[in-house]
There are 2 protein chains.
Amino acid sequence: MESKLKYSEDYFLTAGETDARGEMPPTLIVERLIEIATRHANILDIGYARLAPMDRAWVLVGVCYSMERAIQINETYHITTWIESTNRFFSERCFRLEDANGSIIGYARSTWAVIDIEQRRTVNLNFLHADRLHVDGEACPVARIRAMAAVDNPDREEHLTFRYMDLDFNGHVNSTRYIEHILNAWPLEHYTTHRVSAFAIGYRRECLCGQSADLRIADTGETSAVDIVRNDERVVTARIEWIRTLQ
Amino acid sequence: MESKLKYSEDYFLTAGETDARGEMPPTLIVERLIEIATRHANILDIGYARLAPMDRAWVLVGVCYSMERAIQINETYHITTWIESTNRFFSERCFRLEDANGSIIGYARSTWAVIDIEQRRTVNLNFLHADRLHVDGEACPVARIRAMAAVDNPDREEHLTFRYMDLDFNGHVNSTRYIEHILNAWPLEHYTTHRVSAFAIGYRRECLCGQSADLRIADTGETSAVDIVRNDERVVTARIEWIRTLQ
């Protein structure tokens, strides 16, 4: 059992996957984290095959990461994941990102809950974690995702409508698509001198195809706060830390 | 040399990669084709490493595919690629998609040219292909991409503006992003009863971040024709064949 408490995979950043800077974009970082989390849950037998017959599913409550540098085009990288801790309703899954030589590039943290698919309500995790067997326990230097204050006085707003290619197989807007819409709120010029060094996102409500929402953006120095608001309800909250680059 | 004339890889369709139907979307099909084409070109030493020092690069002129069925969530699939033929200016690269048992799911074809990066002009391919050593020659049942007639009398039009996350590492709109914008022109309801069974796209001009364009769409029975038009110039042309499904 012990050997399964951590799970690792190697990846390669292809030319088609990079952003205009030739670097790994935040959308792909989060996609890879979700992917490896899903695989590790399957290996631990706390994944889809175990939950689906109970009409239950894991949902991503939030994810955040901090990167010392960007992963570059044609670079091999390595992700390791483990469950840091778990309580009655939330599982804290962490990640370490390393380069081909084992040097640390960054860390990430995610918070997951299990819902009853019909009722759309969270379920007590004791049915999976009563004996804590799956918890590796290694601490992760990325702080837990805190509740984010609402962006009440945005510097600017953008309007968007979710469309077919935004959807995942459940028919909800895909977790990474919110990130894409958020990043699109800055023009190319901004990205020629800024890179995302840390990113945090909290998922509060599910959005559907055809629904419209507003991005409310507040910029304070090298940090941006973003709310995605649908009918006066905050459905997604995000924080971006920017680092200035000379590119 | 002979053993390198075909190149294959296995893939797995993860939950995060599917569309709302739980199937492999056209965007990902084309992304995978470009990816494996790039790898095979590198193996044949006619890829980035060989061309970059000459200030030359491969550009995708067009791609088309025809699928007998959709690749499903959590399915393993297999892609094989080879160069079918080449002439002075174009290389015809083909693909076969198979399931885990080796049954054929579909075929695809792509047309590539080499450009001089500074002059943005196509270059004679004889410097790579003089002895035809790289041509496998196996024919591909997907017909060559023909010039597509302009959509002069669209049934409807949609306006779009390209944004940061549309860009590739060259700063141009990514080949697969055009496909995404095209597919977004239909509502969810259409996709509950229709699936893309064949898709063809031709790339005529490169678009940049911040540029706006119009989608001109003509529907004739189970086929749709789409032009992406920027300043009265057709930059991308596409054809979609739909198949009715009961889902």
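Now for a description of the structure that goes with this document. Since the structure is predicted, the reported quantities are computational estimates derived from the model, not experimental observations. (Residues numbered from 1 in each chain as written. Chains lettered and ligands numbered in written order. Predicted model: local features only at pLDDT ≥ 70, side-chain atom pairs only at ≥ 80, totals over all residues. Heavy atoms only, no water.)

## Some words on the environment of Asn42(B)
Residues and elements named next belong to chain B. Relative to the helices and strands, Asn42 resides in helix α1 (residues 26-43). Judged by its relative accessible area of 41%, Asn42 is partly exposed. Of the polar contacts made by the side chain of Asn42, one reaches the backbone nitrogen of Tyr48; its length is 3.4 Å. (Helix = DSSP H or I, 4+ residues; strand = E, 2+ residues; numbered from the N terminus. Buried < 20%, exposed > 50% of the residue type's maximum accessible area, 1.4 Å probe, protein only. Polar contact = N/O pair within 3.5 Å; in protein donor to acceptor, adjacent residues only side chain to side chain.)

## Overview of the interface of chain B and chain A
Each side of the interface is counted separately: chain B has 31 residues, and chain A has 31 residues. The largest contributions to the chain B side of the interface with chain A come from Tyr164(B), Met165(B) and Phe169(B), which together make up 28% of the buried area. Linking chain B with chain A are four salt bridges, by the criterion used here. Between Arg177(B) and Glu180(A) there is a salt bridge; the shortest N-O distance is 2.8 Å. Between the two partners, chain B and chain A, sit twelve residue pairs in polar contact (both at pLDDT 80 or more). Breaking the side of chain B that touches chain A down by element, the ones donating at least two residues are α1, α4 (175-183) and α5 (188-193) of chain B. (Contact = heavy atoms within 4.5 Å. Buried area = accessible area lost by both parts, 1.4 Å probe. Salt bridge = Lys/Arg side-chain N within 4 Å of Asp/Glu carboxyl O.)

## Things to note about the packing of aromatic side chains
Applying the stated criterion to the full structure yields 14 aromatic pairs over all chains. Seen from their ring centres, Tyr191(A) and Tyr164(B) are 3.6 Å apart, and the 10° between their planes marks the pair as stacked. On the criterion of chain membership, the pair formed by Tyr191(A) in helix α5 (residues 188-193) and Tyr164(B) in the loop between β7 (156-161) and α4 is interchain, its members lying in two chains. Taken individually, Tyr191(A) and Tyr164(B) each receive the classification buried, so the pair is uniform in this respect. Each residue in the set Tyr164(A), Trp186(B), Tyr191(B) and Trp242(B) is aromatic and connected to the rest through ring pairs, giving one cluster. One Lys or Arg, Arg156(A), reaches over the ring of Trp186(A) and ends 5.0 Å from the middle of that ring. The ring of Trp82(B) has Lys6(B) sitting right over it, with the charged end atom 5.3 Å from the ring centre. (Phe/Tyr/Trp six-rings, centres within 6.5 Å; stacked < 30°, edge-to-face > 60°. Lys NZ or Arg CZ within 6 Å of the ring centre and 35° of its normal.)

## Concerning the pairing of strand β1 (residues 6-12) of chain B
Residues and elements named next belong to chain B. The alternating pattern of β1 places Tyr7, Glu9 and Tyr11 on a buried face, while none of Lys6, Ser8, Asp10 and Phe12, on the opposite face, is buried. Direction of pairing for β1 relative to strand β3 (residues 76-86): antiparallel, over a ladder of seven bridges. Its bridge partner lying in β3, Glu9 is registered against Ile79. (Pairing = 2+ DSSP bridges.)

## Let's talk about the pairing of strand β9 (residues 212-220) of chain A
Residue and element names in this part refer to chain A. Across six bridges, the pairing between strand β7 (residues 156-161) and β9 is antiparallel. Across the sheet, Thr161 pairs through a bridge with Ser212, a residue of β9. The sheet contact formed by β9 and strand β10 (residues 223-230) spans seven bridges and is antiparallel. Paired with Asp214 across the strands is Val229, a residue of β10.

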